[in-house]
Amino acid sequence: MSISIASIEMRGLSKALGDRLILDGVDVRLHCGECVALTGDNGCGKTTLLRCMAAQMRPTGGEVCWFGKNVIDAALKRRIGMVSHESRLDPHLTIRENLIFAGRMCSVSRPGLRADHWLDVCGMSARADHRPKQLSRGMCQRISIARSLIHEPEIVVLDEPFSGLDAFGTKWLHNLLRERTAGERTVVFSTHDPLCAESLAGRVLHLADGRLQEAGLAATARYSCPANEAA
Amino acid sequence: MKSRMDSRTSRSGVSIAITAGLLLAAGVAIAVAPTEETMGVAQRILYIHVSVAWLGLTGFLVMAGCAVAYLFRRNLGWDHWAQSAGELGWVCCTLTLITGSLWARAAWGTWWTWEPRLLTAFILWALYSGYLLIRGLIGDSHHRARLSAVVAILGALDVPLVVMATRWFRGIHPVAPSMEPSMRIALLLSVAALTSLFAILFACRRTQIRIEHLMPQLENQIDRSLNSTARPSPTTMSHV
Amino acid sequence: MTTGLWWMMSKDLLCEISGKRSWPSMMLLGIVVAVVFALQAQLPQEQRNQMCGVLLWVTILFAGLLGIDRSCSSEQDDGCWEALLAYPVSPAAVYWSKLLVNVLSLTLLEILLIPAFGTFAGVRILNPIAAIVPLTFAANFGIAALGTLLSALTNRLGLSGQLLAVLVLPLMIPVILAAAEGTRLIALGRIDEEWWRWFQFLIGFALIFVTVGSILFEFVVEE
């Protein structure tokens, strides 16, 4: 694992929503090829943290850098892919058109071919002309993941990607994320499943009271989780 | 203790000075300035009308300036100034329309006419109202500051139209009516006195808004410190 | 920026043509309002020429706002705004794509509406066509510039229907006034210095609000 360049660095990050301080001075460095799991209770701010990390939310204080550069530059977004826990597919386009549009916006060459490839990877080629409303939540989630990866980003941020996926989908995503990290890409994902975090991530971070806690290396440490504490 | 007493003394001094200024302006406008030949006593409405019209315009520019400052600095203090200017400006704009209608009735025999300058003054009032409406609909302070700043800046582009209306469009509104020197003095005194009043109200209202903003944060901090003394907090590492 | 802009525009146009989301209702509303106004205008020719400008442009404004609002409210469905802003394009590019699609919508509306209104109201506003075309084009940019920005703002608040007209109409009065006066002068056959003054006013208005809209859009869509 290469350590020298931080692919994502957040310095003193804070975010307030209304009068509530969601993130309070978060500092974190993630390196190329790391796979990091983010855990925390419902409503602790995981989605907010990931959205700030992916430059989809402007922090109230502090800064976010990708590969040493401030994320204000819109062109840098080509190097990142974000999967939200809602699919956010355009309901007026077919899933193939959604993928092609994403490819075009990210300047992918031959977006049509790439879209067909990803439909195949998702096992959804037969439903290429379906609109998102005609598909299940799990299927939309798979297409949403494909959309975020169609331009082969170096950083992948996923917000509860396993929610809504069946056993086949979960295994499919597991393998996909392993492939990403093997290719020196940085993966950050949030999850409520401790087993998933431990099996996939090399590092687990726990968010509580607006601060990040190092929950240690997944293989050797237990992070603070009600299920684990009860065991 | 001494500095608090000094600041209270200076605030009282300012209030007394402004009150004296207002009384002086009123006195000159009512008793010293002569009665206009054509319109009679109704002409004296002009001393208030011009003053509040000028403040309505100025308030909008101040509001837009503070809005721009907020968008650059992202400091809610600027938004508090903008809100204060917006509220006072709305009051001044409303008074402009009311006093303008009274003056129009006396001068032109109608409560309202679709003359360009009156129209653009109404537009300004509508823009202020839109600004305050937007502010009332958004709960999050930064979100509210940002979106209302956009509305304020858009509205500020309308202000030159108000100022230039009588040059760009033909209309019956007097541009710079000829006045006797004593009338001019009365007008200037009214403008100065009402501007001073606007300035002090602007500062006071802003202080009020700032206190309203700080109260929930103080309550949250008190709740948090009460909770933390009730149970031990987890060990946190801020740097990971 | 231009590549992303082109693809965003083509996506919106594709959705509109295949889904028929707003153009049919916009056109229908325009025609109905135009007929209603024309029915009321049982006046001598001279007075019809004087009134036609404001009646036409109020019609265009109300019908056009329907389409402009829909261009932004469609992105509110299923969180598409967030997805659109996540792409490597600047917010200004997103604004320009919506603006140009809205200008096209207004142009299509006017291609149908202006001849229809001229016929129903019995006024000659297409002659000369070299006067009405640039006038409407300049006005469309002004209307679309403000409408796009404020539609995005009100949609982000989830209150587009109620709030858009309240915010937009006071700001639109100068452009409607200028366009109406320009159209009135065309109907009166007076393409003179006064007409040029109104045309230049529209150009200036469009330039100002397109520029300001490009800058402010980022603050509207930010989270």
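This one's a predicted model, so the numbers in the text were calculated from it and none came from an experiment. (Residues numbered from 1 in each chain as written. Chains lettered and ligands numbered in written order. Predicted model: local features only at pLDDT ≥ 70, side-chain atom pairs only at ≥ 80, totals over all residues.)

**Focus on the overall build of chain C**
Phase 1 of the analysis: Within chain C, the secondary structure is distributed over eight helices and zero strands.
Phase 2 of the analysis: Going from the N terminus to the C terminus, chain C shows its helices and strands as α-α-α-α-α-α-α-α.
Phase 3 of the analysis: Against the compact-globule benchmark of 17 Å for 223 residues, chain C has a radius of gyration of 18 Å, which places it among compact chains.
Phase 4 of the analysis: Taken over the C-alpha atoms alone, chain C extends approximately 55 × 35 × 30 Å along its principal axes. (Helix = DSSP H or I, 4+ residues; strand = E, 2+ residues; numbered from the N terminus. Rg over C-alpha atoms; globule rule 2.2 N^0.38 Å.)

**Considering the interface of chain C and chain B**
Phase 1 of the analysis: Every contact between the two is made by 15 residues of chain C and, on the other side, 17 residues of chain B.
Phase 2 of the analysis: Counting residues per element, the ones that place at least two in the side of chain C that touches chain B are α7 (160-187) and α8 (193-221) of chain C.
Phase 3 of the analysis: When residues of the side of chain C that touches chain B are assigned to their parent elements, the largest contribution, six residues, is made by α7(C).
Phase 4 of the analysis: Split into classes, the residues belonging to the side of chain C that touches chain B amount to 14 nonpolar, no polar and one charged. (Contact = placed C-beta atoms within 7 Å. Nonpolar A, V, L, I, M, F, W, Y, C, P; charged D, E, K, R; others polar.)

**Examining the pairing of strand β8 (residues 186-190) of chain A**
Residues and elements named next belong to chain A.
Phase 1 of the analysis: β8 sits mainly inside the fold: five of its five residues count as buried.
Phase 2 of the analysis: Across the two faces of β8 the burial is the same, with T186, V188 and S190 and V187 and F189 all buried.
Phase 3 of the analysis: Pairing of strand β3 (residues 35-40) with β8 involves four bridges; the strand directions are parallel. Within β8, the residue paired with V36 across the bridge is V188. (Buried ≥ 20, exposed ≤ 12 C-beta atoms within 10 Å, placed from the backbone. Pairing = 2+ DSSP bridges.)

**Some words on helix α2 (residues 95-105) of chain A**
Phase 1 of the analysis: Burial analysis of α2(A) places 11 of its 11 residues in the buried class, which makes it a mostly covered element.
Phase 2 of the analysis: Residues of α2(A) that are buried include every one of I95(A), R96(A), E97(A), N98(A), L99(A), I100(A), F101(A), A102(A), G103(A), R104(A) and M105(A), and no others.
Phase 3 of the analysis: Considering only its buried residues, α2(A) is in contact with α3 (111-122) and α4 (137-149) of chain A together with α1 (2-19) of chain C.
Phase 4 of the analysis: One or two positions beyond α2(A), positive phi appears at S107(A), with a value near 60°.

**A few points about the packing of helix α6 (residues 129-156) of chain C against α8(C)**
Residues and elements named next belong to chain C.
Phase 1 of the analysis: Interhelical geometry of α6 versus α8 gives an angle of 20° and a closest axis separation of 8 Å. It follows that α6 is roughly parallel to α8 by the angle criterion. Considering the relative orientation of α6 and α8, their crossing is left-handed.
Phase 2 of the analysis: Residue composition of the contact of α6 with α8, grouped by class: 21 nonpolar, three polar and one charged. (Axes fitted to C-alpha atoms, helices over the stretch in contact; angles between N-to-C directions. Parallel < 35°, antiparallel > 145°, perpendicular 65-115°, else oblique. Left-handed = near helix turned anticlockwise from the far one by under 90°.)

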